[in-house]
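The residues making up each chain are set out below.
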Amino acid sequence: MSEKFLGLDLGSKNLKLCVAEINETGELNLLTTIKKEINSFRNGEIIDDEEFNKEVIGFLKDLIFQLGIKNYKIVLSFSSSTFNFQKIKAKTIVENREVSEEDIKRCKQIAKTSLISQNYETIYEETINYFLDNSPTSTRNPLGFEARYLEIELGLIQVFKSFFLKLQNFFKENKIKIDLFLPNPIGASYVVVEDKDKESGCVLMDIGYKTTVISVFNERKLVNFNSFQFGYEDLIKDITLEYGISEIDWLKIVNEFLEDSKNKKSSLKIGKQKISYSNFLKFVEKRILFYFKKREINDYFNKLKENYSLINGVYLIGGLTNLPEIENIIKKSIRILTRKGKTIEGLIEIESGDFYNSLGNLNYFLENYQDKEFWEDFWGFFKNLFSNFFPFSSK
(Lines give C-alpha, C1' and ligand atoms only; values in the text may rest on other atoms or scores of the structure.)
Protein backbone atom coordinates (compact mmCIF):
# COMPACT_ATOMS: atom_id res chain seq x y z
CA MET A 1 0.00 0.00 0.00
CA SER A 2 1.32 3.47 -0.92
CA GLU A 3 2.41 5.93 1.74
CA LYS A 4 -0.29 8.32 2.92
CA PHE A 5 0.17 11.94 3.93
CA LEU A 6 -1.97 13.52 6.64
CA GLY A 7 -2.16 17.32 6.84
CA LEU A 8 -3.61 18.22 10.23
CA ASP A 9 -4.68 21.73 11.24
CA LEU A 10 -5.39 21.79 14.98
CA GLY A 11 -7.66 24.76 15.59
CA SER A 12 -9.27 26.29 18.65
CA LYS A 13 -12.71 25.19 17.46
CA ASN A 14 -12.22 22.52 14.81
CA LEU A 15 -9.75 19.91 13.72
CA LYS A 16 -9.24 19.93 9.92
CA LEU A 17 -7.59 17.01 8.18
CA CYS A 18 -6.55 16.26 4.60
CA VAL A 19 -5.51 12.73 3.66
CA ALA A 20 -3.56 12.35 0.42
CA GLU A 21 -1.12 10.19 -1.49
CA ILE A 22 1.37 10.71 -4.30
CA ASN A 23 0.16 9.52 -7.71
CA GLU A 24 2.20 8.03 -10.56
CA THR A 25 3.13 11.46 -11.92
CA GLY A 26 4.49 12.59 -8.55
CA GLU A 27 1.53 14.88 -7.82
CA LEU A 28 -0.58 15.07 -4.68
CA ASN A 29 -3.83 13.12 -4.90
CA LEU A 30 -6.36 14.21 -2.26
CA LEU A 31 -8.31 11.25 -0.88
CA THR A 32 -10.54 12.84 1.74
CA THR A 33 -11.07 15.87 3.97
CA ILE A 34 -12.48 15.77 7.51
CA LYS A 35 -13.63 18.58 9.77
CA LYS A 36 -14.35 17.77 13.43
CA GLU A 37 -15.32 20.03 16.31
CA ILE A 38 -13.00 19.87 19.33
CA ASN A 39 -13.09 21.55 22.75
CA SER A 40 -9.79 20.45 24.29
CA PHE A 41 -7.36 22.70 22.41
CA ARG A 42 -7.33 26.50 22.56
CA ASN A 43 -4.86 29.06 21.25
CA GLY A 44 -2.08 26.49 20.82
CA GLU A 45 -2.56 24.86 24.22
CA ILE A 46 -4.11 21.59 25.41
CA ILE A 47 -6.65 22.69 28.02
CA ASP A 48 -8.22 19.31 28.81
CA ASP A 49 -5.95 16.25 28.76
CA GLU A 50 -8.67 13.63 28.92
CA GLU A 51 -10.77 15.26 26.19
CA PHE A 52 -7.72 15.75 23.97
CA ASN A 53 -7.02 12.04 24.21
CA LYS A 54 -10.55 11.31 23.02
CA GLU A 55 -11.07 14.08 20.47
CA VAL A 56 -7.67 14.12 18.78
CA ILE A 57 -5.53 11.11 19.71
CA GLY A 58 -8.42 8.64 19.66
CA PHE A 59 -9.77 10.10 16.45
CA LEU A 60 -6.42 9.78 14.66
CA LYS A 61 -5.87 6.21 15.88
CA ASP A 62 -9.35 5.16 14.73
CA LEU A 63 -8.91 6.87 11.36
CA ILE A 64 -5.54 5.26 10.68
CA PHE A 65 -6.99 1.86 11.61
CA GLN A 66 -10.22 2.26 9.61
CA LEU A 67 -8.39 3.39 6.48
CA GLY A 68 -5.90 0.57 6.86
CA ILE A 69 -2.96 2.97 6.73
CA LYS A 70 0.37 1.30 7.46
CA ASN A 71 2.84 3.88 6.20
CA TYR A 72 2.08 7.55 6.78
CA LYS A 73 3.54 10.95 7.50
CA ILE A 74 1.74 13.62 9.53
CA VAL A 75 2.31 17.37 9.27
CA LEU A 76 0.54 19.22 12.10
CA SER A 77 -0.04 22.97 12.28
CA PHE A 78 -1.69 25.25 14.81
CA SER A 79 -2.13 28.92 15.73
CA SER A 80 -1.19 30.65 18.96
CA SER A 81 -1.11 34.23 20.19
CA THR A 82 2.16 33.24 21.95
CA PHE A 83 3.99 32.97 18.61
CA ASN A 84 7.16 35.04 18.71
CA PHE A 85 9.01 36.06 15.53
CA GLN A 86 12.71 36.83 15.80
CA LYS A 87 15.27 37.92 13.23
CA ILE A 88 18.85 37.06 14.09
CA LYS A 89 22.18 37.31 12.30
CA ALA A 90 25.27 35.13 12.61
CA LYS A 91 28.67 35.18 10.89
CA THR A 92 31.24 32.51 10.19
CA ILE A 93 34.55 32.12 8.34
CA VAL A 94 34.26 30.35 4.98
CA GLU A 95 36.63 27.43 5.42
CA ASN A 96 37.85 26.89 1.85
CA ARG A 97 37.23 30.40 0.48
CA GLU A 98 34.22 29.05 -1.41
CA VAL A 99 30.82 28.92 0.27
CA SER A 100 29.67 25.32 0.80
CA GLU A 101 26.61 23.64 2.27
CA GLU A 102 28.62 22.99 5.42
CA ASP A 103 29.43 26.69 5.79
CA ILE A 104 25.74 27.58 5.49
CA LYS A 105 24.68 24.86 7.90
CA ARG A 106 27.30 25.92 10.47
CA CYS A 107 26.30 29.58 10.25
CA LYS A 108 22.61 28.73 10.73
CA GLN A 109 23.45 26.64 13.77
CA ILE A 110 25.39 29.53 15.32
CA ALA A 111 22.36 31.78 14.82
CA LYS A 112 19.92 29.31 16.35
CA THR A 113 22.19 28.52 19.30
CA SER A 114 22.39 32.21 20.20
CA LEU A 115 18.60 32.32 20.54
CA ILE A 116 18.06 29.26 22.74
CA SER A 117 15.47 30.13 25.39
CA GLN A 118 14.13 28.43 28.50
CA ASN A 119 10.62 29.73 27.76
CA TYR A 120 10.31 29.42 23.98
CA GLU A 121 10.71 26.60 21.48
CA THR A 122 11.61 27.26 17.84
CA ILE A 123 9.19 25.50 15.50
CA TYR A 124 10.03 27.18 12.18
CA GLU A 125 13.06 28.76 10.56
CA GLU A 126 13.65 30.45 7.22
CA THR A 127 16.70 32.16 5.76
CA ILE A 128 15.88 35.77 4.95
CA ASN A 129 19.25 37.04 3.68
CA TYR A 130 22.83 35.98 2.94
CA PHE A 131 25.74 38.47 3.07
CA LEU A 132 29.33 37.93 1.87
CA ASP A 133 32.46 39.65 3.19
CA ASN A 134 30.58 42.30 5.19
CA SER A 135 28.79 43.60 2.11
CA PRO A 136 25.56 45.53 2.88
CA THR A 137 24.01 44.00 -0.25
CA SER A 138 22.46 40.56 0.20
CA THR A 139 22.71 37.65 -2.21
CA ARG A 140 19.96 35.08 -2.75
CA ASN A 141 22.11 31.95 -2.97
CA PRO A 142 25.78 32.19 -1.97
CA LEU A 143 26.59 28.54 -2.68
CA GLY A 144 29.85 28.31 -4.66
CA PHE A 145 30.70 32.02 -4.30
CA GLU A 146 34.24 33.01 -3.32
CA ALA A 147 34.29 34.68 0.08
CA ARG A 148 36.13 34.88 3.39
CA TYR A 149 33.08 35.55 5.57
CA LEU A 150 29.48 34.39 5.38
CA GLU A 151 26.70 36.14 7.31
CA ILE A 152 23.13 34.81 7.49
CA GLU A 153 19.94 36.51 8.65
CA LEU A 154 17.43 33.96 9.92
CA GLY A 155 13.75 34.37 10.68
CA LEU A 156 12.62 32.14 13.54
CA ILE A 157 9.10 31.48 14.82
CA GLN A 158 8.88 30.38 18.44
CA VAL A 159 6.06 29.36 20.77
CA PHE A 160 5.75 28.85 24.53
CA LYS A 161 7.91 25.82 25.27
CA SER A 162 5.60 24.35 27.93
CA PHE A 163 2.61 24.43 25.52
CA PHE A 164 4.56 22.88 22.67
CA LEU A 165 6.36 20.15 24.64
CA LYS A 166 3.07 19.01 26.16
CA LEU A 167 1.51 18.79 22.69
CA GLN A 168 4.55 16.97 21.31
CA ASN A 169 4.65 14.49 24.20
CA PHE A 170 0.95 13.62 23.86
CA PHE A 171 1.61 12.23 20.40
CA LYS A 172 4.88 10.54 21.37
CA GLU A 173 3.32 8.77 24.34
CA ASN A 174 0.55 7.45 22.09
CA LYS A 175 3.04 6.30 19.43
CA ILE A 176 1.76 8.70 16.77
CA LYS A 177 4.73 10.17 14.95
CA ILE A 178 4.40 13.81 13.89
CA ASP A 179 6.94 14.32 11.12
CA LEU A 180 6.71 18.10 11.16
CA PHE A 181 5.10 20.86 13.22
CA LEU A 182 4.27 24.14 11.50
CA PRO A 183 2.83 27.47 12.66
CA ASN A 184 -0.27 28.57 10.75
CA PRO A 185 -0.51 29.96 8.12
CA ILE A 186 2.90 28.94 6.69
CA GLY A 187 1.38 25.86 5.02
CA ALA A 188 -1.59 27.79 3.64
CA SER A 189 0.77 30.19 1.87
CA TYR A 190 1.76 27.28 -0.41
CA VAL A 191 -1.78 26.86 -1.73
CA VAL A 192 -3.18 30.41 -1.53
CA VAL A 193 -0.31 32.79 -2.39
CA GLU A 194 1.52 32.57 -5.71
CA ASP A 195 5.31 32.93 -5.84
CA LYS A 196 5.08 36.08 -7.95
CA ASP A 197 2.99 37.75 -5.23
CA LYS A 198 5.45 36.67 -2.54
CA GLU A 199 8.21 38.10 -4.72
CA SER A 200 6.76 41.59 -5.06
CA GLY A 201 5.24 41.70 -1.57
CA CYS A 202 2.01 40.57 0.10
CA VAL A 203 0.40 39.53 3.38
CA LEU A 204 -1.45 36.35 4.35
CA MET A 205 -3.84 36.98 7.26
CA ASP A 206 -5.41 33.96 8.97
CA ILE A 207 -8.25 34.96 11.32
CA GLY A 208 -9.18 31.82 13.22
CA TYR A 209 -11.55 31.19 16.10
CA LYS A 210 -9.34 32.73 18.81
CA THR A 211 -6.22 33.98 17.07
CA THR A 212 -5.19 36.15 14.14
CA VAL A 213 -1.83 35.23 12.59
CA ILE A 214 -0.16 37.35 9.91
CA SER A 215 2.66 36.36 7.52
CA VAL A 216 4.44 38.98 5.42
CA PHE A 217 6.34 38.06 2.24
CA ASN A 218 8.90 39.95 0.15
CA GLU A 219 11.28 38.49 -2.43
CA ARG A 220 9.62 35.10 -1.81
CA LYS A 221 10.76 35.13 1.82
CA LEU A 222 8.95 35.39 5.12
CA VAL A 223 10.16 38.81 6.30
CA ASN A 224 7.71 39.41 9.14
CA PHE A 225 5.28 37.41 11.23
CA ASN A 226 2.96 38.28 14.09
CA SER A 227 -0.01 36.95 16.03
CA PHE A 228 -2.82 38.70 17.88
CA GLN A 229 -5.40 37.62 20.42
CA PHE A 230 -8.42 38.33 18.27
CA GLY A 231 -10.59 35.80 16.47
CA TYR A 232 -14.00 34.93 15.10
CA GLU A 233 -15.11 34.04 18.64
CA ASP A 234 -14.89 37.70 19.71
CA LEU A 235 -17.24 38.74 16.93
CA ILE A 236 -19.62 35.84 17.59
CA LYS A 237 -19.92 36.91 21.24
CA ASP A 238 -20.74 40.47 20.18
CA ILE A 239 -23.33 39.28 17.65
CA THR A 240 -25.07 36.87 20.04
CA LEU A 241 -25.17 39.54 22.76
CA GLU A 242 -26.44 42.23 20.38
CA TYR A 243 -29.22 40.10 18.87
CA GLY A 244 -30.08 37.81 21.81
CA ILE A 245 -29.26 34.46 20.16
CA SER A 246 -27.00 31.52 21.01
CA GLU A 247 -23.74 30.70 19.26
CA ILE A 248 -25.36 27.57 17.80
CA ASP A 249 -28.20 29.69 16.38
CA TRP A 250 -25.70 32.10 14.87
CA LEU A 251 -23.68 29.36 13.18
CA LYS A 252 -26.90 28.08 11.60
CA ILE A 253 -27.63 31.55 10.28
CA VAL A 254 -24.17 31.93 8.68
CA ASN A 255 -25.12 30.03 5.53
CA GLU A 256 -28.20 32.22 5.14
CA PHE A 257 -25.98 35.28 5.30
CA LEU A 258 -23.77 33.88 2.57
CA GLU A 259 -26.79 33.27 0.37
CA ASP A 260 -28.23 36.67 1.20
CA SER A 261 -24.99 38.37 0.19
CA LYS A 262 -25.16 36.59 -3.18
CA ASN A 263 -28.82 37.39 -3.74
CA LYS A 264 -28.53 40.88 -2.25
CA LYS A 265 -31.62 40.60 -0.09
CA SER A 266 -32.54 43.78 1.73
CA SER A 267 -33.26 42.33 5.20
CA LEU A 268 -32.37 39.36 7.40
CA LYS A 269 -33.90 37.74 10.45
CA ILE A 270 -31.62 37.18 13.44
CA GLY A 271 -33.41 35.71 16.40
CA LYS A 272 -36.56 37.75 16.97
CA GLN A 273 -35.20 40.76 15.12
CA LYS A 274 -35.51 41.64 11.49
CA ILE A 275 -32.71 43.95 10.43
CA SER A 276 -31.52 45.37 7.15
CA TYR A 277 -28.58 43.70 5.52
CA SER A 278 -26.70 47.01 5.40
CA ASN A 279 -27.26 47.64 9.12
CA PHE A 280 -25.84 44.23 9.97
CA LEU A 281 -22.72 44.95 7.92
CA LYS A 282 -22.37 48.31 9.69
CA PHE A 283 -22.48 46.52 13.05
CA VAL A 284 -19.77 44.05 11.95
CA GLU A 285 -17.63 46.89 10.59
CA LYS A 286 -17.92 48.81 13.87
CA ARG A 287 -16.76 45.79 15.89
CA ILE A 288 -13.90 44.99 13.50
CA LEU A 289 -12.65 48.58 13.73
CA PHE A 290 -12.88 48.35 17.53
CA TYR A 291 -10.88 45.12 17.81
CA PHE A 292 -8.28 46.04 15.20
CA LYS A 293 -7.59 49.22 17.14
CA LYS A 294 -7.71 47.58 20.58
CA ARG A 295 -5.40 44.70 19.60
CA GLU A 296 -3.08 47.12 17.74
CA ILE A 297 -3.55 45.32 14.41
CA ASN A 298 -4.01 48.64 12.60
CA ASP A 299 -0.78 49.96 14.14
CA TYR A 300 1.04 46.82 13.00
CA PHE A 301 -0.13 47.29 9.41
CA ASN A 302 0.92 50.94 9.47
CA LYS A 303 4.45 49.85 10.39
CA LEU A 304 4.43 47.15 7.70
CA LYS A 305 3.53 49.73 5.05
CA GLU A 306 6.47 51.87 6.17
CA ASN A 307 8.99 49.03 5.92
CA TYR A 308 7.86 46.68 3.15
CA SER A 309 6.41 46.68 -0.32
CA LEU A 310 2.89 45.25 -0.05
CA ILE A 311 1.90 45.83 -3.66
CA ASN A 312 -0.22 42.65 -3.82
CA GLY A 313 -2.16 43.45 -0.67
CA VAL A 314 -3.67 41.04 1.82
CA TYR A 315 -4.98 37.52 1.30
CA LEU A 316 -7.59 36.70 3.94
CA ILE A 317 -8.31 33.16 5.19
CA GLY A 318 -9.80 31.60 8.34
CA GLY A 319 -13.21 31.27 9.97
CA LEU A 320 -14.00 34.96 9.74
CA THR A 321 -14.14 34.73 5.94
CA ASN A 322 -17.55 33.05 6.35
CA LEU A 323 -18.97 36.53 6.93
CA PRO A 324 -20.16 38.32 3.77
CA GLU A 325 -18.11 41.28 2.56
CA ILE A 326 -15.61 40.85 5.39
CA GLU A 327 -12.72 41.58 3.00
CA ASN A 328 -14.17 45.04 2.28
CA ILE A 329 -14.68 45.73 5.98
CA ILE A 330 -11.08 44.78 6.83
CA LYS A 331 -9.79 46.82 3.89
CA LYS A 332 -11.43 49.92 5.42
CA SER A 333 -9.67 49.24 8.71
CA ILE A 334 -6.11 48.51 7.53
CA ARG A 335 -6.32 50.58 4.30
CA ILE A 336 -4.68 47.95 2.12
CA LEU A 337 -6.15 45.97 -0.79
CA THR A 338 -7.76 42.90 0.81
CA ARG A 339 -9.31 39.85 -0.82
CA LYS A 340 -10.45 36.42 0.31
CA GLY A 341 -7.89 33.73 -0.38
CA LYS A 342 -8.54 30.97 -2.89
CA THR A 343 -6.60 27.96 -4.14
CA ILE A 344 -3.85 28.76 -6.62
CA GLU A 345 -4.89 27.79 -10.15
CA GLY A 346 -3.52 24.39 -11.12
CA LEU A 347 -3.42 23.01 -7.56
CA ILE A 348 -5.94 20.67 -5.98
CA GLU A 349 -9.34 22.34 -5.70
CA ILE A 350 -11.03 22.10 -2.30
CA GLU A 351 -14.62 23.09 -1.65
CA SER A 352 -14.00 24.86 1.64
CA GLY A 353 -11.37 27.37 2.70
CA ASP A 354 -11.39 25.61 6.08
CA PHE A 355 -8.74 23.25 4.68
CA TYR A 356 -6.19 25.75 3.35
CA ASN A 357 -3.78 25.11 6.24
CA SER A 358 -4.17 21.32 6.35
CA LEU A 359 -3.74 20.97 2.58
CA GLY A 360 -0.97 23.55 2.56
CA ASN A 361 0.89 21.56 5.23
CA LEU A 362 1.19 18.69 2.75
CA ASN A 363 2.37 20.94 -0.07
CA TYR A 364 4.96 22.51 2.21
CA PHE A 365 6.25 19.13 3.36
CA LEU A 366 6.50 17.67 -0.14
CA GLU A 367 8.28 20.73 -1.49
CA ASN A 368 10.77 21.12 1.36
CA TYR A 369 11.29 17.68 2.86
CA GLN A 370 10.25 14.84 0.58
CA ASP A 371 13.08 15.22 -1.97
CA LYS A 372 15.56 15.67 0.86
CA GLU A 373 14.42 12.43 2.47
CA PHE A 374 14.62 10.64 -0.86
CA TRP A 375 18.27 11.58 -1.40
CA GLU A 376 19.19 10.81 2.21
CA ASP A 377 17.67 7.34 1.81
CA PHE A 378 19.33 6.96 -1.61
CA TRP A 379 22.82 7.77 -0.39
CA GLY A 380 22.23 5.79 2.81
CA PHE A 381 21.42 2.73 0.70
CA PHE A 382 24.65 3.00 -1.30
CA LYS A 383 26.70 3.72 1.80
CA ASN A 384 25.42 0.53 3.42
CA LEU A 385 25.91 -1.40 0.17
CA PHE A 386 29.55 -0.38 -0.22
CA SER A 387 30.27 -0.89 3.49
CA ASN A 388 29.34 -4.55 2.98
CA PHE A 389 31.89 -4.86 0.16
CA PHE A 390 34.53 -2.76 1.94
CA PRO A 391 33.91 -3.30 5.67
CA PHE A 392 36.92 -1.21 6.72
CA SER A 393 36.24 1.76 4.45
CA SER A 394 34.26 3.72 7.06
CA LYS A 395 36.87 3.36 9.77
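Residues numbered from 1 in each chain as written. Predicted model: local features only at pLDDT ≥ 70, side-chain atom pairs only at ≥ 80, totals over all residues. Heavy atoms only, no water.

Student: Hey, could you run me through the overall build of the protein chain in this one?
Tutor: A tally of helices and strands in the protein chain yields eleven helices and 17 strands. Looking at the protein chain residue by residue over its 395 residues, the buried ones come to 50%. Once local pairs closer than 6 in sequence are excluded, the contacts in the protein chain between residues at least 24 apart make up 68%. A total accessible area of about 20600 Å² is found for the protein chain, and carbon and sulfur atoms account for 48% of it. (Helix = DSSP H or I, 4+ residues; strand = E, 2+ residues; numbered from the N terminus. Buried < 20%, exposed > 50% of the residue type's maximum accessible area, 1.4 Å probe, protein only. Contact = heavy atoms within 4.5 Å. Areas by Shrake-Rupley, 256 points an atom, 1.4 Å probe, with all protein chains shown as cover.)

Student: For this particular structure, what's the right way to read helix α8 (residues 277-294)?
Tutor: Helical geometry: 3.6 residues make up each α-helical turn, so side chains three or four residues apart lie on a common side. If you check α8, its first and last C-alpha atoms are 26 Å apart, about what 18 residues at 1.5 Å a residue would give, namely 26 Å. Remark: E296 follows α8 within two positions and exhibits a positive phi of approximately 65°. (Expected span 1.5 Å × (residues − 1).)

Student: Help me out: how do you make sense of the pattern of salt bridges in this one?
Tutor: Close approach of charged atoms allows side chains with opposite charge to pair. Applying the stated criterion across every chain, the model contains 24 salt bridges. Here E247 and K13 are joined by a salt bridge, their closest N and O atoms 3.3 Å apart. Placement of E247 in helix α7 (residues 247-263) and of K13 in the loop between β1 (4-10) and β2 (14-22) is noted, with a sequence separation of 234 residues between them. Of the charged contacts in the structure, one is a salt bridge between E219 and K221, with a shortest N-O distance of 4.0 Å. One salt-bridge network, in which partners are shared between bridges, spans E3, K73, K177 and D179. (Salt bridge = Lys/Arg side-chain N within 4 Å of Asp/Glu carboxyl O.)

Student: Would you explain the packing of helix α1 (residues 49-66) against helix α3 (residues 161-173) in this entry?
Tutor: For any two helices packed against each other, the geometry is given by the interaxial angle and the distance between the axes. Look at α1 against α3: their axes get within 11 Å of each other, and the N-to-C directions meet at 50°. Between α1 and α3, the angle is such that the two are oblique. In this structure, α1 crosses over α3, and the sense of that crossing is right-handed. Residue-level inspection shows D49, F52, N53, V56, I57 and L60 of α1 in contact with α3, the latter providing K166, L167, F170 and F171. Residue composition of the contact of α1 with α3, grouped by class: seven nonpolar, one polar and two charged. (Axes fitted to C-alpha atoms, helices over the stretch in contact; angles between N-to-C directions. Parallel < 35°, antiparallel > 145°, perpendicular 65-115°, else oblique. Left-handed = near helix turned anticlockwise from the far one by under 90°. Nonpolar A, V, L, I, M, F, W, Y, C, P; charged D, E, K, R; others polar.)

Student: Please explain the side chain of S215 as it appears in this structure.
Tutor: Along the chain, S215 falls in strand β12 (residues 212-218). If we skip the residues at most four places from it in the chain, S215 touches P185, I186, C202, V203, L204, L222, N224 and F225.

Student: Is there a simple way to explain the pairing of strand β10 (residues 180-183) in this structure?
Tutor: Each regular strand carries side chains that alternate between the two faces of the sheet. Of the two faces of β10, the one carrying L180 and L182 and the one carrying F181 and P183 are both buried. By the bridge criterion, four bridges tie strand β6 (residues 72-78) to β10 in an arrangement that is parallel. Its bridge partner being in β10, V75 is matched across the sheet by L180. (Pairing = 2+ DSSP bridges.)

Student: Would you mind showing me how to read the packing of aromatic side chains here?
Tutor: Within a pair of aromatic rings, the relevant descriptors are the distance that separates the centres and the angle that separates the planes. What the rule picks out here adds up to 21 aromatic pairs. Where F52 meets F170, the ring centres are 5.3 Å apart and the plane angle is 70°; that geometry is what we call edge-to-face. With F52 in helix α1 and F170 in helix α3, this pair connects stretches of sequence that are 118 residues apart. Of the two residues examined, F52 and F170, each falls in the buried class. Centroid distance Y190 to Y364: 5.2 Å. Interplanar angle 85°. Geometry classified as edge-to-face. Residue Y190 is located in helix α4 (residues 189-192), and its partner Y364 is located in helix α11 (residues 356-389); the two are separated by 174 residues in the primary sequence. Taken together through their ring pairs, the aromatic side chains of F41, F52, F78, F83, F85, F170, F171 and F225 make up a single cluster. Over the aromatic face of Y190 sits the side chain of K198, whose NZ or CZ is 4.5 Å from the ring centroid. A cation over a ring is seen here: R339 above Y315, with NZ or CZ 4.6 Å from the ring centre. (Phe/Tyr/Trp six-rings, centres within 6.5 Å; stacked < 30°, edge-to-face > 60°. Lys NZ or Arg CZ within 6 Å of the ring centre and 35° of its normal.)

Student: Can you help me understand the sheet that holds strand β16 (residues 314-317) in this one?
Tutor: Two orientations exist for strands paired in a sheet by backbone hydrogen bonds: parallel and antiparallel. The five strands lie next to each other as β13-β12-β11-β16-β17, forming an open sheet whose pairing is mixed. In the strand order of this sheet, the two ends are held by β13 (221-228) and β17 (338-340), each with one partner. Averaged over all neighbouring strand pairs, the angle between strand axes comes to 20°, with direction disregarded. With four bridges joining them, strand β11 (residues 202-207) and β16 adopt parallel strand pairing. Across the sheet, V203 pairs through a bridge with V314, a residue of β16. In the packing of helix α9 (residues 297-307) onto the sheet, the strands contacted are β11, β12, β13 and β16, and the crossing angle to β13 comes to about 165°.

Student: Explain the sheet that holds strand β7 (residues 84-93) here, please?
Tutor: The three strands are arranged β7-β9-β8 in an open sheet whose pairing can be described as antiparallel. Looking at the sheet topology across the chains shown, the edges are occupied by β7 and β8 (120-132). On average, adjacent strands in this sheet sit at an angle of 25° to one another, irrespective of strand direction. Relative to strand β9 (residues 149-160), β8 is paired through eleven bridges, and the arrangement is antiparallel. Across the sheet, residue Y124 finds its bridge partner in β9, namely I157. Sheet strands touched by helix α2 (residues 101-113): β7, β8 and β9. Its angle to β7, the strand with the most contacts, is close to 130°. Sheet strands touched by α3: β8 and β9. Its angle to β9, the strand with the most contacts, is close to 75°.

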